[in-house]
Amino acid sequence: MPKVWDWDLAGQALPLLLQGFLVTLAATVVASVVAIILGLVLAMLRRTRFAAVRAPVRAFVEFVRSTPVMVQLFAVYVVFPGLSPFTIGVTVLGIHYATYMSEVYRAGIDGVPKGQWEAATALSLPRGRTWRAVILPQAVRNVLPALGNYVISMFKDTPFLAVITVHEMVFQATTFGGDHFKYLEVFTMAAAIFLIASYPTSLLVRRLEKRLGH
Amino acid sequence: MGSFLSQLSQSWGNIGSALVITVEGTIGGAILALVLAFVLGLMALSRFVVVRGVARTIIEFFRGTSLYVQLFWLYFALPVLGFKISSALLCAIIAFGLNFGAYGAEVVRGAINAVPRAQWEGAIALNMSPFQRMRLVILPQAWVAMIPPFNNLLIQLLKSTPLMSLVTIADLTFEAQQLRSATGQTAWSYLFLLVVYFILAYILTLLMNALESVAKARLGRGTGLRGIFRMRPADPTGKSLGAGLAGAGTEIEPVEAANLTSKTMGAGGPGGGGV
Amino acid sequence: MATEPKIPDLSEVDTPPNLPTGTPMVQFDKVVKRFGDNVVLDHLDFSVEQGERVTLIGPSGSGKTTILRLLMTLERINDGVIYVEGQPLSHMDRGGKLVPANERYLSTVRKKIGMVFQQFNLFPNMKVLENVIEAPVHVLGVPKDEAVERAKKLLDLVGLADRVGQHPTSLSGGQQQRVAIARALAMQPDVLLLDEVTSALDPELVADVLNVLRDIARTTTITMLIVTHEMHFARDVSNRILMFDKGRIVEEGAPDKIFSEPENDRTQTFLRAVLEER
Ligand SMILES: Nc1ncnc2c1ncn2[C@@H]1O[C@H](COP(=O)(O)OP(=O)(O)OP(=O)(O)O)[C@@H](O)[C@H]1O
Ligand SMILES: [Mg+2]
């Protein structure tokens, strides 16, 4: 009778999983950068004076955040066969989360008291300067924990990149499991690695939240 | 495009049954998640530290590990331990239920915590038992606050259902891939699929908005039916999807937690020290 | 709303029996209550007889609310015993020893006490009538028809017979507070606790609520513990005034005596301040 849990097999798989985990981390970081920047851009576009810009941006945000990231990955993957899976993966994941983060920024910008705008006007600060020096620093500071929450969520969504053959951790686990006809060890370890990585991070976000007085 | 449309009209029957599967996975997962959310959410408010501990562990575990991994674990790894879930669809429903039930538990807990303390006290002054306080007074009020975050989780669940196609379930995504290989119309197939998901998401949002209107009207805060057609609410805190323990909904501080347990169980009422 | 409050005939309304026994209705025996290091009540002793109406006055923070909340079991007592009709409130007898009360025991003693809150605390998930019948039906097990009938009488008593189907949120503060009074009376408590029930109200709504309470005081024998800054009202309805300062009774007596010739300095200063403010 075969052992239920095979330590040898687990030992063999671990280096592969960790190697995959590096890809997972890299994907999380790059996708976060995309989301954090693009999210702000989307939020600003949704505040422009031009309705011709606002409406399509809003439609884009609603559409992207209401449809599965996994299908979005498939779609972009097959439409741009020339790009590397990793590039496509982090871009799509980043855009997907940018739509969430745009809502975060929006709330943050709306949360800056009206008096701040009025004070900037009273000082005759130009509009661009008002944004950069007065509004955004306050807004961004307030939304940092929320952005952190979405980064953690994105981290847990990186396995979706496996469907377009990005060699992240779950891809490695699936391949290894398939090769050895045994999935218990690899998926248990993958789950454990996720937990070990995400739980402390969420504690950090919580600390940040407390520090910023939420 | 032309061949895509003609193939589409031919596969209409298949797409219909795939749609049913996707909806089944969504609704089945949502029902299980709802039940678990209430069970775990109420356990997390228990006055018994052991009960709270069990609930917290389960919640953190299923929030902290990826849904993708959970589904694969249930489908590929669990049989090794001697449990084989009879169908892949059931497997997916269980995975969705566990994962979103854990997120939902934080919604339930947060919403119950958000009911003003005065309401607990009003119920105690009328000599209601702890169970009656919860059932007659607190939950009917907390429920309203749960609906928008539940809506977000429900859409999130719908958006996770393409995972089913990875464990051999012939859901919409699976069917779209069939369509794609039959027509070679890759872009159209996936665009069609995205539009179908978008429509499904919008229908679910309409239903949840209607539910919210009804619930609000019962609290005398009627907004009428105007609000029903709006889009799903944003979650500018990221907490509904966020992280383990911490990111969780309205956080209760230890002191408050102590109060809350006595509020819930009422042995002598909220033990003061609320500040 | 501005209509003259009805002065209904209370003889129809069920009132708790007046028990002419020697046991005090409420007795505080060396009661200690602390919040952290802040000792709010330090070995407080006093008692209230059956059918008596006692008003607690005193400066802010003197512990008046705390006393009512302890009686309503909303706060936990740190030391001493509170008796309600001779029954300890926070403790129960188990094999001759007093142990902290459990929920089941609490509910038997708590049944005798009703409370009206400063902020009304009506349940927004229930309409006016439902607010009043909810506890009689679910806690006392009164059949629904009967509870409805009684609730309607009580709502009539507080001048809100025509509001039974409305949501509490659609009522004025004064109306909400009168619903809350009806709701408390529907449980037929022996003791009614009133904690500054008019201080959250706009001035023009105060009179209606106080008139309802005056009626209840005049026509029933329910024991009342009242905290109020409405000194005329206190004078009208109370048999006795307790003046508190820093968790102690510094003076007590009949309303006429306390209001016309207070002996204690603190009482004098306090009353002067309160009466000037009006
Ligand atoms: N939940 C609590 N936590 C900490 N301290 C409390 C709490 N409730 C009351 N206290 C303190 O207990 C003391 C008495 O408060 P209490 O509310 O009984 O006074 P009061 O006589 O009702 O005053 P007021 O006229 O302002 O209503 C105050 O010092 C108050 O700060
Ligand atoms: Mg008070």
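As the structure is a prediction and not an experimental result, all values here were calculated from the model.

If you look at the interface, chain A gives 48 residues, while chain B gives 51 residues. A combined buried area of about 4,300 Å² lies between chain A and chain B, and 72% of that area is made up of carbon and sulfur atoms. For the pair chain A and chain B, the number of links is zero salt bridges. Mapped by element, the contributors of at least two residues to the side of chain A that touches chain B are α2 (51-65), α3 (69-79), α4 (85-110), α6 (127-157), α7 (169-180) and α8 (184-211) of chain A. With 14 residues, α8(A) is the largest single contributor of residues to the side of chain A that touches chain B. Residue composition of the side of chain A that touches chain B, by class: 29 nonpolar, 10 polar and nine charged.

Moving on: the UniProt feature "transmembrane region" (unreviewed entry) in chain A. Residues and elements named next belong to chain A. This chain's UniProt record puts "transmembrane region" (unreviewed entry) on residues 20-45, 74-98 and 186-205. End C-alpha to end C-alpha, residues 20-45 measures 36 Å, and it is 100% helix and 0% strand. Along residues 186-205 the backbone is 100% helical and 0% strand, and the end-to-end C-alpha distance reaches 29 Å.

Let us now look at the sheet that holds strand β12 (residues 248-253) of chain C. Residues and elements named next belong to chain C. Spatially, β8-β9-β10-β3-β11-β12 is the arrangement adopted by the six strands of the open sheet, whose pairing is mixed. Edge positions in the sheet fall to β8 (113-116) and β12, since each has one partner strand and no second. Shown here is a sheet whose adjacent strand axes are inclined to one another by a mean of 20°, direction ignored. Sheet topology places β8 next to strand β9 (residues 191-195); four bridges connect them, and they run parallel. Among the inter-strand pairings, M115 is bridged to a residue of β9, identified as L193. Docked against the sheet, helix α5 (residues 173-186) engages β8 and β9, running at close to 175° with respect to β8.

Turning next to empty space enclosed by the protein. Across all of its chains, the model carries nine cavities of 30 Å³ or more by this definition. One number sums up the size of the largest cavity: a volume of about 260 Å³. Considering the residues around the largest cavity, the lining is formed by 20 residues, among which D157(A), L67(B), F100(B), Q156(B) and S160(B) are closest to the centre. Among the elements of the structure, α4 and α6 of chain A together with α4 (67-77), α5 (88-114) and α7 (130-160) of chain B are those that each provide at least two residues to the lining of the largest cavity.

Right, let's get into the site of ligand 1. Residues in contact with ligand 1 amount to 13 residues; listed here are only the nearest, S60(C), G61(C), K64(C), T65(C) and T66(C). More than a single chain frames ligand 1: its nearby residues are located in chains B and C. Between ligand 1 and G63(C), the relevant distance is 3.0 Å, taken from an oxygen atom to a main-chain nitrogen or oxygen of the residue. Burial of ligand 1 by the protein amounts to 68% of the accessible area it has alone, namely 630 Å². Among the elements that line the shell around ligand 1, the one with the most residues is helix α1 (residues 64-71) of chain C, at three residues. The residue makeup of the shell around ligand 1, split by class, is three nonpolar, eight polar and two charged.

On to the packing of α5(C) against helix α6 (residues 203-219) of chain C. Any two packed helices are characterised by the angle at which their axes cross and by the distance between the axes. All names here are of chain C. The contact between α5 and α6 brings their axes to 8 Å, and the two run at 20°. On the basis of the axis angle, α5 is roughly parallel to α6. As α5 runs across α6, the sense of the crossing is right-handed. Across the interface between the two elements, G173, G174, Q177, R178, I181 and L185 from α5 touch L205, D208, V209, V212, L213 and I216 from α6.

On to the sheet that holds strand β4 (residues 79-84) of chain C. All names here are of chain C. Read from one edge of the open sheet, four strands run β2-β1-β4-β5, paired in antiparallel fashion. Here the strands that pair on one side only, and so sit at the sheet edges, are β2 (38-48) and β5 (87-88). Inspection of the sheet shows β4 paired to β5 by two bridges, in the antiparallel sense. Of the residues in β5, the one forming a bridge with Y83 is P88. Against the sheet, α1 makes contact with β1 (26-35), β2 and β4, and its axis sits at roughly 115° relative to β1, the strand it touches most.

Counting residues in each nonpolar core, the largest one holds 124 residues, and the members touching the most others are Y68(B), F100(B), I112(B), V137(B), M146(B) and L172(B). It is α7(B) that provides the largest number of residues to this core, a total of 14 residues. Setting aside its immediate chain neighbours within four residues, F100(B) contacts A33(B), L67(B), L153(B), Q156(B), L157(B) and S160(B). By size, the runner-up hydrophobic cluster in this structure holds 41 residues, among which are L122(C), V179(C), A182(C) and M224(C).

Let's shift gears to the UniProt feature "transmembrane region" (unreviewed entry) in chain B. Residues and elements named next belong to chain B. The UniProt feature table records "transmembrane region" (unreviewed entry) at residues 27-50, 71-98 and 187-211. The distance separating the terminal C-alpha atoms of residues 27-50 is 32 Å; by composition the span is 79% helix and 0% strand. Across residues 71-98, helical content stands at 64% and strand content at 0%; the span's end C-alpha atoms are separated by 10 Å.

Turning our attention to the interface of chain C and chain B. Counting from both sides, the interface comprises 30 residues of chain C and, opposite them, 34 residues of chain B. A buried area of about 2,500 Å², summed over both sides, lies between chain C and chain B, and 54% of it is on carbon and sulfur atoms. The largest per-residue losses of area from chain C upon contact with chain B belong to R76(C), F123(C) and N125(C), which jointly make up 22% of the total buried on that side. Here chain C and chain B share two salt bridges between them. A salt bridge links R69(C) to E121(B), with the nearest nitrogen and oxygen atoms 2.6 Å apart. Linking chain C to chain B there are 10 residue pairs in polar contact (both at pLDDT 80 or more). Among the elements of the structure, α2 (103-110), β8 and α3 (128-140) of chain C are those that each provide at least two residues to the side of chain C that touches chain B.

What follows is about the arrangement of the chains. Inter-chain contacts occur across two pairs of chains; the most extensive set of contacts lies between chains A and B. Taking C-alpha atoms only, the smallest gap left between chain A and chain C, which are not in contact, amounts to 24 Å.

This part is about the packing of aromatic side chains. Counting across every chain of the model gives 22 aromatic pairs over all chains. Their ring planes at 10° and their centres at 5.7 Å tell us that F74(A) and Y190(B) sit as a pair that is stacked. Taken together, the positions of F74(A) in helix α3 and Y190(B) in helix α9 (residues 186-218) put the pair across two chains. Accessibility assignment for this pair places F74(A) and Y190(B) in one class, buried. Arranged with centres 4.7 Å apart and planes meeting at 25°, the rings of F28(C) and F46(C) form a pair that is stacked. Here F28(C), found in strand β1, pairs with F46(C), found in strand β2; they are 18 residues apart in sequence, far enough to count as distant. By relative accessible area, F28(C) is classed as buried at 1%. Taken together, F160(A), Y183(A), F187(A), Y68(B), F72(B), Y75(B) and F76(B) form an aromatic cluster joined through their ring pairs. The ring of Y75(B) carries the charged tip of K84(B) above its face, separated from the ring centre by 5.9 Å.

For α2(C), the set of buried residues is E103(C), Y105(C), L106(C), V109(C) and R110(C). End-on, the buried residues of α2(C) take up no more than an arc of 160°, which puts them together on one face.

Analysis parameters
Residues numbered from 1 in each chain as written. Chains lettered and ligands numbered in written order. Predicted model: local features only at pLDDT ≥ 70, side-chain atom pairs only at ≥ 80, totals over all residues. Heavy atoms only, no water. Contact = heavy atoms within 4.5 Å. Buried area = accessible area lost by both parts, 1.4 Å probe. Salt bridge = Lys/Arg side-chain N within 4 Å of Asp/Glu carboxyl O. Helix = DSSP H or I, 4+ residues; strand = E, 2+ residues; numbered from the N terminus. Nonpolar A, V, L, I, M, F, W, Y, C, P; charged D, E, K, R; others polar. UniProt positions renumbered as here; feature names shortened; annotations may be inferred. Pairing = 2+ DSSP bridges. Axes fitted to C-alpha atoms, helices over the stretch in contact; angles between N-to-C directions. 1 Å grid on protein atoms, 1.4 Å probe; cavity = no way out; pocket = protein on both sides within 12 Å on 5 of 7 lines; lining within 4 Å. Points joined across faces, edges and corners; volume = space filled by probe spheres on them. Near = heavy atom within 4 Å. Polar contact = N/O pair within 3.5 Å; in protein donor to acceptor, adjacent residues only side chain to side chain. Areas by Shrake-Rupley, 256 points an atom, 1.4 Å probe, with all protein chains shown as cover. Parallel < 35°, antiparallel > 145°, perpendicular 65-115°, else oblique. Left-handed = near helix turned anticlockwise from the far one by under 90°. Core = buried A, V, L, I, M, F, W, Y, C linked by side-chain atoms within 4.5 Å. Buried < 20%, exposed > 50% of the residue type's maximum accessible area, 1.4 Å probe, protein only. Phe/Tyr/Trp six-rings, centres within 6.5 Å; stacked < 30°, edge-to-face > 60°. Lys NZ or Arg CZ within 6 Å of the ring centre and 35° of its normal. Arc of directions from axis to C-beta.

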